[in-house]
Amino acid sequence: MTEYAGLGEVSGKRVLVRSDLNVPLEGTTITDDGRIRASVPTIRELADAGARVVVAAHLGRPKGEPDAAYSLAPVAARLGELLGRDVAFATDTVGESAEATVAALEDGQVAVLENVRFNAGETSKDDAERGAFADRLAALADAFVSDGFGVVHRKQASVYDVAQRLPHAMGGLVAAEIDVLRRLTLDPERPYVVVLGGSKVSDKLGVIDNLLGKADKLLIGGGMVFTFLAAEGHEVGKSILEEDQLDTCRDYLRRARDAGVELLLPSDIIIDTEFPSGDRRPAPGVVPSSEIPSDCLGLDIGPASAATYAKALADARTVFWNGPMGVFEVDAFAAGTKAVAEALTKVDGLTVVGGGDSAAAVRTLGFDEAAFGHISTGGGASLEYLEGKELPGITVLEES
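Residues numbered from 1 in each chain as written. Predicted model: local features only at pLDDT ≥ 70, side-chain atom pairs only at ≥ 80, totals over all residues. Heavy atoms only, no water.

Peer 1: Is there a simple way to think about the overall build of the protein in this case?
Peer 2: Scanning the protein from N- to C-terminus turns up 14 helices and 19 strands. Computed over the C-alpha atoms, the radius of gyration of the protein is 22 Å, within 12% of the 21 Å expected from 2.2 N^0.38 for a compact globule of 400 residues. Projected onto its principal axes, the C-alpha coordinates of the protein cover approximately 65 × 50 × 40 Å. Taking all 400 residues of the protein together, the buried fraction comes to 56%. Long-range contacts, defined here as pairs at least 24 residues apart, represent 73% of the contacts in the protein between residues at least 6 apart. Counting every atom, the protein has about 16,400 Å² of accessible surface; 46% of that belongs to carbon and sulfur. (Helix = DSSP H or I, 4+ residues; strand = E, 2+ residues; numbered from the N terminus. Rg over C-alpha atoms; globule rule 2.2 N^0.38 Å. Buried < 20%, exposed > 50% of the residue type's maximum accessible area, 1.4 Å probe, protein only. Contact = heavy atoms within 4.5 Å. Areas by Shrake-Rupley, 256 points an atom, 1.4 Å probe, with all protein chains shown as cover.)

Peer 1: Even after reading the chapter, I still don't get the environment of Asp-315, so can you show me in this structure?
Peer 2: By the element assignment, Asp-315 lies in the loop between helix H10 (303-313) and strand S17 (318-322). Looking at Asp-315, the relative accessible area reads 44%, which means it is partly exposed. Sequence-wise, Asp-315 and Tyr-192 are 123 residues apart; in three dimensions their C-alpha atoms are separated by 9.4 Å. Look past the residues within four positions of Asp-315 in its chain and what remains in contact with it is Pro-191 and Lys-217. Of note is the side chain of Asp-315, whose polar atom sits 3.4 Å from the side chain of Lys-217. (Polar contact = N/O pair within 3.5 Å; in protein donor to acceptor, adjacent residues only side chain to side chain.)

Peer 1: Help me out: how do you make sense of the sheet that holds strand S15 (residues 285-288) in this one?
Peer 2: Note on sheets: strands pair through backbone hydrogen bonds, and any given pair is parallel or antiparallel. Spatial strand order, S15-S14-S16: 3 strands in an open sheet with antiparallel pairing. Each edge of the open sheet carries a strand with a single partner, namely S15 and strand S16 (297-301). Averaged over all pairs of adjacent strands, the angle between strand axes in this sheet comes to 45°, irrespective of strand direction. (Pairing = 2+ DSSP bridges. Axes fitted to C-alpha atoms, helices over the stretch in contact; angles between N-to-C directions.)

Peer 1: Is there a simple way to explain the packing of aromatic side chains in this structure?
Peer 2: Note on aromatic pairs: each is described by the distance of the centres and the angle between the planes. Scanning the entire structure with this criterion turns up 1 aromatic pair. A centroid spacing of 6.1 Å and a plane angle of 75° characterise the contact between Phe-367 and Phe-372, whose relative ring orientation is edge-to-face. Looking at Phe-372, the relative accessible area reads 5%, which means it is buried. (Phe/Tyr/Trp six-rings, centres within 6.5 Å; stacked < 30°, edge-to-face > 60°.)

Peer 1: What should I look at first to understand the pairing of S17 in this one?
Peer 2: Most of S17 sits inside the fold, with 5 of its 5 residues counted as buried. Where burial is concerned, the two faces of S17 agree: the one with Thr-318, Phe-320 and Asn-322 and the one with Val-319 and Trp-321 are both buried. For strand S11 (residues 192-196) and S17, the ladder comprises 5 bridges, and the chain directions are parallel. Note on S17: the bridge partner recorded for Val-193 is Val-319.

Peer 1: Teacher, can you tell me more about the sheet that holds strand S9 (residues 143-146) here?
Peer 2: Read from one edge of the open sheet, 6 strands run S7-S8-S6-S3-S9-S10, paired in parallel fashion. Of all the strands in the sheet, the pair left with one neighbour each is strand S7 (87-89) and strand S10 (168-170). Looking at each pair of strands side by side, their axes are set apart by 25° on average, direction ignored. Docked against the sheet, helix H2 (residues 73-83) engages S7 and strand S8 (110-112), running at close to 170° with respect to S7.

Peer 1: I would appreciate a short explanation of the pairing of strand S12 (residues 217-220) in the present structure.
Peer 2: Residues in a regular strand project their side chains so that they alternate between the two faces of the sheet. Neither face of S12 is open: one carries Lys-217 and Leu-219, the other Leu-218 and Ile-220, and all of them are buried. Between the parallel elements S11 and S12, the chain passes through helix H7 (residues 205-211) in a crossover that is right-handed. Pairing of S12 with strand S13 (residues 262-264) involves 3 bridges; the strand directions are parallel. Across the sheet, Lys-217 pairs through a bridge with Glu-262, a residue of S13. (Right-handed = clockwise from strand over helix to strand, strands pointing away.)

Peer 1: Even after reading the chapter, I still don't get helix H1 (residues 34-48), so can you show me in this structure?
Peer 2: Since there are 3.6 residues in each turn of an α-helix, residues three or four apart along the chain are aligned in direction. With 15 residues, H1 extends 22 Å between its outermost C-alpha atoms, agreeing within 8% with the 21 Å of an ideal straight helix rising 1.5 Å per residue. Maximal helix bending in H1 amounts to about 35°, located at Val-40; proline Pro-41 follows within four positions. Gly-34, Ile-36, Ser-39, Val-40, Thr-42, Ile-43, Leu-46 and Ala-47 are the residues of H1 that are buried. (Expected span 1.5 Å × (residues − 1). Bend = angle between axes of the 7 residues up to and from the residue.)

Peer 1: Sorry if this is basic, but what is going on with the side chain of Asn-322 here?
Peer 2: Position of Asn-322 relative to the elements: it lies in strand S17. Note on Asn-322: relative accessible area 6%, which makes it buried. Polar side-chain contacts of Asn-322 include one of 3.5 Å to the side chain of Lys-204. Reaching out from Asn-322, the side chain makes a polar contact with the backbone oxygen of Gly-354 at a distance of 2.7 Å. Every residue in contact with Asn-322, bar those within four places of it in the chain, is listed here: Val-195, Leu-196, Gly-197, Lys-204, Gly-354, Gly-355, Ser-358, Gly-379 and Leu-383.

Peer 1: Can you help me understand the nonpolar core in this one?
Peer 2: In summary, soluble globular proteins display a tendency toward joint burial of nonpolar side chains. The biggest cluster of nonpolar side chains holds 48 residues, and the ones touching the most others in it are Ile-208, Leu-218, Ile-220 and Phe-228. It is helix H8 (residues 225-231) that provides the largest number of residues to this core, a total of 6 residues. Apart from residues lying up to four places away in sequence, Leu-218 is in contact with Val-194, Leu-196, Ile-208, Leu-212, Val-261, Glu-262, Leu-263 and Leu-264. (Core = buried A, V, L, I, M, F, W, Y, C linked by side-chain atoms within 4.5 Å.)

Peer 1: For this particular structure, what's the right way to read the packing of H10 against helix H11 (residues 335-345)?
Peer 2: At a minimum axis separation of 9 Å, H10 and H11 run at an interaxial angle of 20°. With respect to each other, H10 and H11 are oriented roughly parallel. Note on packing geometry: the crossing formed by H10 with H11 is right-handed. Residue-level inspection shows Ala-306, Ala-310 and Leu-313 of H10 in contact with H11, the latter providing Gly-336, Ala-339, Val-340, Ala-343 and Leu-344. Its residues assigned to classes, the contact of H10 with H11 comprises 7 nonpolar, 1 polar and no charged. (Parallel < 35°, antiparallel > 145°, perpendicular 65-115°, else oblique. Left-handed = near helix turned anticlockwise from the far one by under 90°. Nonpolar A, V, L, I, M, F, W, Y, C, P; charged D, E, K, R; others polar.)

Peer 1: Quick question: what am I supposed to make of the environment of Asp-209 here?
Peer 2: Summarising the element assignment, Asp-209 is placed in helix H7. Sequence separation between Asp-209 and Ala-100 is 109 residues, and the spatial gap between their C-alpha atoms is 50 Å. Each residue touching Asp-209, except ones within four places of it in the same chain, is listed here: Tyr-252 and Arg-255. Among the polar contacts made by the side chain of Asp-209, one reaches the side chain of Arg-255 at a distance of 2.7 Å.

Here it is in structure tokens:
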């Protein structure tokens, strides 16, 4: 095979691939390579077709200039290990090293450019500045493949503007993500259950708004649950609380009742007097969710709630899960998240783990990724799609 998607013949062509290689690092050690592994199939397919593959990606949030702490060098090395072939690395994004590295590629070879966010034009709100950087990126290639789903909700140079300048195609990873999300929104098989966690209600406003009219059950966990509990008049102690969202939560509870949507809040909570940190040994306790002491904070849903949520998922045919139930990184507060993940592995239907911390939890807690229908690589992009928002990086591909 020497063709790829809608690009036709790619053998001998320079193909710029926008991947999502934004992985967590401790120094130069990658602690979760899930996004790199997810990027491999498209890169390998292009290389096997004889393309000269140029990978563009970001890491972290550098301030538009080089910062060694956010270098993609260790990521490029890991990509080479996963591909089983040498991967060249350019020490800049569009400068002398990038030009020389790309010029030296032969058919079937792969190079990674340094962090695109080392250039202020990548994330600029100014169309001209962003376009000027996109011009230089586009000059390195003959075609463009968009395969970084975690950034398609961003109107950025390497995501949006480059696609306007080169023949382009949707990568296999992005195509798979969009296909799954359409299945969640257009005609989901029922019962359709949505599990939402994470720290803040405000991060999930749009998706709750949109899904209240589509899901059959909505299960709430994580730090966001305490604003819901407070909205019901309960004491939440030192737990995360968004007082400016209390009325919003009351409205969601009312709308759920009116729409016949089963909105579940935990009946019990795992508490401690302090957030886990340093050498302090956790001292967890279990209390009813309506009786959180004023000097404590909630750090996970309790065992009764975990069992209730697992039961609520048992007959589901479609499940979307975004956000952990508690501080899963600490064993004492991981049981709720683990119970939800375990329940998803038993669902007879489509299960979608919505990226971000949920995907990290699946791997951290030792689950086989193959036990889930789909693990998204883009938490923010998944949520915005489910909110009904347009994703610039998808729109630009579909418009032309």
